[in-house]
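# Close look at the chain arrangement
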Amino acid sequence: MEEKANYEAAVKLPVAMIDFATGFADWFIILPTIIALMGAALLIMLRFNRSIQPILTIIFILTIIIIEINLLLRILALGPQSMTMGKWLPPFGISFTVDIFGISFALASALTALIVTIYAQADLAKREVKYGFHSLLLLLLAGVSGAFMTGDMFNLYVWFEVMLIASFGLIIMGGRKIQLDGAIKYGFLNFLATSFFLIALGLIYGLFGTLNMADISLKAANAPFGPLASIGALLLLAFGMKAAAFPVNAWLPASYHTPHPAVSALFGGLLTKVGTYALLRSLLLVMPTARDFLEPLIAALAVITLILAPLGAIAQTNLRRAIGFLLIGGIGSVLVGLAVPNLRGVAGASIYIFHSILTISALYLVAGLIEKIMGTEDVRKMGGLYSASSWLSILFLVLVFAVAGLPPFLGFWPKLLLIEASLERGEILLIIALLTNSLLTAIAGSRLWAHIFWRAGPEGANSEQPNEKLQPLKTKDKWLCSAPTTILILLIVYFGINPNTIFGLGRVAALDLLNSDRYVEATGLAKPDLVTMPQLGEEGEK
Amino acid sequence: MNTVIFRTIAPILVAIMLVFSVFVLLRGHNEPGGGFIGGLIAASSIAIYGIAAGVKEVRKALKFDPIAIAGFGVFIAAFAGTISIFYQAPYLTGIWAYFEFEGKKIALSTPLLFDIGVYFTVLGTISTIALALEEKEEKK
């Protein structure tokens, strides 16, 4: 007995377990992900019961939205929240740490998922329901929520994989040849990106001995510069690939137009945004030193992405491919925020991600409606939609303006913040790129609008004659597709006209990203001397 | 592969493997074994039965769709973590309960429930793949 006591006194093990009670409110941090995961599992068990699938999906997503709104209010009042799994203290247990930056995107994603679920009901094939459309959608939502809320680098990788599995299933669901083609490009490049991410994780663990984001951010300050810079570069490549930034963007336009439009909307709204989120999270909060080193590169990538993407959109004749390029242009805007990391810049980038989740999804949904009426994906064969559905033409035009960043729509405010941020830093090139992007996006979008709605008939000799191939929307389509899309677009217009809420959230998100104190404190790692791992460079106690 | 010897032995082999897989599952946690390896053993027995008796026969014997079994596993595993909500502990905290059975101390715990979830997930996923592959073989 005595020997044991002596031994314990000599080794002096640090506290490793959480000894305080976890309240029910803390469970809100984990519940959105768990509900989505358990919901996906439940629906796959019930996959032959087709009528119950959409109902349960909508109930699950509504529950998630309510929980996330509660969590958002709680974080606004009390600061970032954290829960560490299995009662282990943070560097050992896996933390879920949520701040405004994460929860606002999670909320926007859940909203988008809800609208996409309703939208898809109009023309989902029996086969697609049987093959688990709803289950995969919930699994995708679980991956997205998990990625937005986790506070652990390796756990982030796991959620990336969950998203990849779910999106792989969703993309090949129709079983058409072009979908398999798209899935291979999508899958291969995304596997490559996650492999780079995994290599970076190995280096991170070797360098810091921890994978907890808060813990790394504490230790990154005294880390040797060389390895840190290479980790940063690897993460930039991996997440840049996920986000479809130039020059690793080719997979996105090659694959996003192949699945069902509702699935396109889900992918366009959620997947690339998780990439940009991870980029900002890891390079601003976790390893700011690495970002400083990479700044010229990030700025160059931002400029090229901003200018080349809308040019690609102008050149496209496939509607959803063109939207894919518009989406990539937005990734350039987020990179600008990463290149000028002052309060305005980061707030601008955060708001841009939020805007992009809603707007790009809505754009894909409207594109789905257009394709439904036109019966083709080729813009050259479209025309004369204005006479058939003037409402749709308004929706499309609003979204084009929002994507281009014209006031008073939602896209204007983040771009304004980004331009102000670049002005503060005197980055004229970035400002020129942002403005050129807006102009080119407006040209690409209005060109699409002119071809689809304004022109009387399809391209060629008959372009003056009224288009007779139009198939008017059925009542079912109007209620299940047009109505939810309109609600989403009204939301975009509302946030554009009344941007105060978004500005407030963006400001808090940027403050917490730029100064990791509150984030670290939430995980329970506030004071460096409480950190239980030995500091780098030390040889340990003698 | 479709010999008389194999077809006669297969059901016995399958039964032994299934019992062994449960044994491996239950002895996990503190000793070598656990849900993953147990699930793999069970899935191989399903595959063997598929080769011997044909996929149709296996699907009839399984009663449930293998992918639904995998879904059940994920559900059980995720559910195992939520039990700690009643103990004011974070998600996935292990909750243990002991009771005496014929003079032996038996431990029940949420990690065991989680492991059972893993068992079903692996069993369901691998059997789905194995049966799909065998189905292709049969069609040739």
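Numbers given for residues are sequential positions, taken from 1 along each chain in its written order. Chains carry letters from A onward and ligands carry numbers from 1 onward, assigned in written order. The predicted nature of this model means local features are confined to residues of pLDDT at least 70 and side-chain atom pairs, given and counted, to a pLDDT of 80 or more, with totals for whole chains, interfaces and linings taken over all residues. Side-chain metrics rest on all non-hydrogen atoms present in the structure, leaving aside hydrogens and water.

### Structural notes on the overall build of chain A
Under the scheme used here, helices are H or I runs from DSSP no shorter than 4 residues and strands are E runs no shorter than 2 residues, and both carry numbers assigned from the N terminus. Summing up its helical and strand segments, chain A has 22 helices and two strands in all. Using C-alpha atoms as the atom set, the radius of gyration is obtained and then compared with a globule rule of 2.2 Å times the number of residues to the power 0.38. Against the 2.2 N^0.38 benchmark of 24 Å for 542 residues, chain A shows a C-alpha radius of gyration of 24 Å, consistent with a compact globule. Each residue gets one of three labels from its accessible area relative to the maximum for its type: buried under 20%, exposed over 50%, partly exposed in between, using a 1.4 Å probe on protein chains only. Counting the 542 residues in chain A, one finds 61% classified as buried. Taking all contacts inside chain A whose residues are at least 6 apart in sequence as the whole, residues at least 24 apart take part in 81%. Exposure was quantified through the Shrake-Rupley algorithm and a 1.4 Å probe, taking into account, for residues, occlusion by the shown protein chains and nothing else. As presented, chain A carries roughly 20,700 Å² of accessible surface, and 67% of it is formed by carbon and sulfur atoms. Side chains of chain A carry 35 positive and 32 negative charges; the gap between the two charge centres is 13 Å. The contact definition used throughout considers only heavy atoms, calling two residues in contact when any of these lie within 4.5 Å. The sign given to each residue is positive for Lys and Arg and negative for Asp and Glu; His and the chain ends receive no count. Lys charges are placed at NZ, Arg charges at CZ, Asp charges at CG and Glu charges at CD.

### Looking at the overall build of chain B
Regarding its fold elements, chain B presents five helices and two strands. For chain B, the C-alpha atoms occupy an extent of roughly 55 × 30 × 25 Å along the three principal directions. Across the 140 residues of chain B, 40% fall into the buried class. In the form shown here, chain B has an accessible surface area of approximately 8,300 Å², with 70% of it arising from carbon and sulfur atoms. Taken together, the 11 basic and 10 acidic charged side chains of chain B have centroids lying 6 Å from each other.

### Quick look at the confidence of the model for chain A
What pLDDT reports is the predictor's confidence in each residue, on a scale of 0 through 100. Mean pLDDT over chain A stands at 89; residues scoring 70 or higher make up 94%. Scored below 50 in pLDDT, residues 529-542 of chain A makes 17 contacts in the model with residues more than four places away or belonging to other chains.

### A short note on a positive patch on the surface
What goes into a patch is any residue over 30% in relative accessible area without a salt bridge, connected to like charges within 9 Å or, for nonpolar side chains (Val, Leu, Ile, Met, Phe, Trp, Tyr), within 5 Å. For salt bridges, the criterion is a side-chain nitrogen of Lys or Arg within 4 Å of an Asp or Glu carboxyl oxygen. A surface patch of like charges, here positive, comprises Arg50, Lys126, Arg127 and Lys130 of chain A. Within the secondary structure layout, arginine 127 of chain A lies in helix H5 (residues 126-130).

### Brief notes about helix H18 (residues 412-425) of chain A
Residue and element names in this part refer to chain A. Taking 1.5 Å per residue, 14 residues should reach 20 Å; H18 reaches 20 Å between its end C-alpha atoms and fits that length. Among the residues making up H18, those that are buried are Trp413, Pro414, Lys415, Leu417, Leu418, Ile419, Ala421 and Ser422. Looking at the buried side of H18, the elements it contacts are helix H14 (319-339), helix H15 (343-374), helix H17 (390-404), helix H19 (428-454), helix H20 (475-497) and helix H21 (500-514). Just downstream of H18 lies glycine 426, where phi reads positive at about 70°. In a helix, the anticipated span is given by 1.5 Å times the number of residues less one.

### Regarding the interface of chain B and chain A
On the chain A side, the residues contacting the 19 residues of chain B number 20 residues. The term buried area refers to how much accessible surface (probe radius 1.4 Å) is lost by two components on association, counted for both of them together. Taking both sides of the interface into account, the surface hidden between chain B and chain A amounts to around 1,700 Å²; carbon and sulfur atoms contribute 80%. For chain B, the biggest contributors to the area lost against chain A are Phe75, Pro90 and Tyr91 of chain B; these three give 35% of the whole. Taken together, the connections running from chain B to chain A amount to one salt bridge. The residue arginine 47 of chain A makes a salt bridge to aspartate 65 of chain B at a minimum N-O spacing of 2.5 Å. Each polar contact in these results corresponds to two N or O atoms within 3.5 Å; when the atoms are within protein, one needs to be able to donate a hydrogen and the other to accept it, and residues that are neighboring in sequence are counted only if both atoms are side-chain atoms. The tally of links from chain B across to chain A stands at two residue pairs in polar contact (both at pLDDT 80 or more).

### Quick word on the nonpolar core
Within the largest apolar cluster, 196 residues are counted, with the highest numbers of intra-cluster contacts made by Phe197, Ile204, Met287, Leu319, Ile370, Phe396 and Ile452 of chain A. The biggest single contributor to this core is H15 of chain A, with 20 residues. Residues in contact with isoleucine 370 of chain A, not counting those within four places in the same chain, are Leu319, Met382, Leu385, Leu392, Phe396, Ile452 and Phe453 of chain A. Ranked by size, the runner-up nonpolar core spans eleven residues in total, among them Ile46, Val55, Val58 and Tyr119 of chain B. Buried Ala, Val, Leu, Ile, Met, Phe, Trp, Tyr and Cys residues that are joined via side-chain atoms within 4.5 Å together make up what is termed a nonpolar core.

### Concerning the pattern of salt bridges
Residue and element names in this part refer to chain A. A full pass over the atoms with the stated rule returns 18 salt bridges over all chains. For the salt bridge of arginine 291 with aspartate 292, the shortest nitrogen-to-oxygen distance reads 2.8 Å. Here aspartate 292 falls in the partly exposed class, since its relative accessible area comes to 47%. The shortest N-O distance in the salt bridge between lysine 372 and aspartate 477 comes to 3.5 Å. Separated by 105 residues along the polypeptide, lysine 372 in helix H15 and aspartate 477 in helix H20 bring together distant segments of the chain. By sharing partners, the salt bridges in this structure join Arg291, Asp292, Glu295 and Arg425 into a single network.

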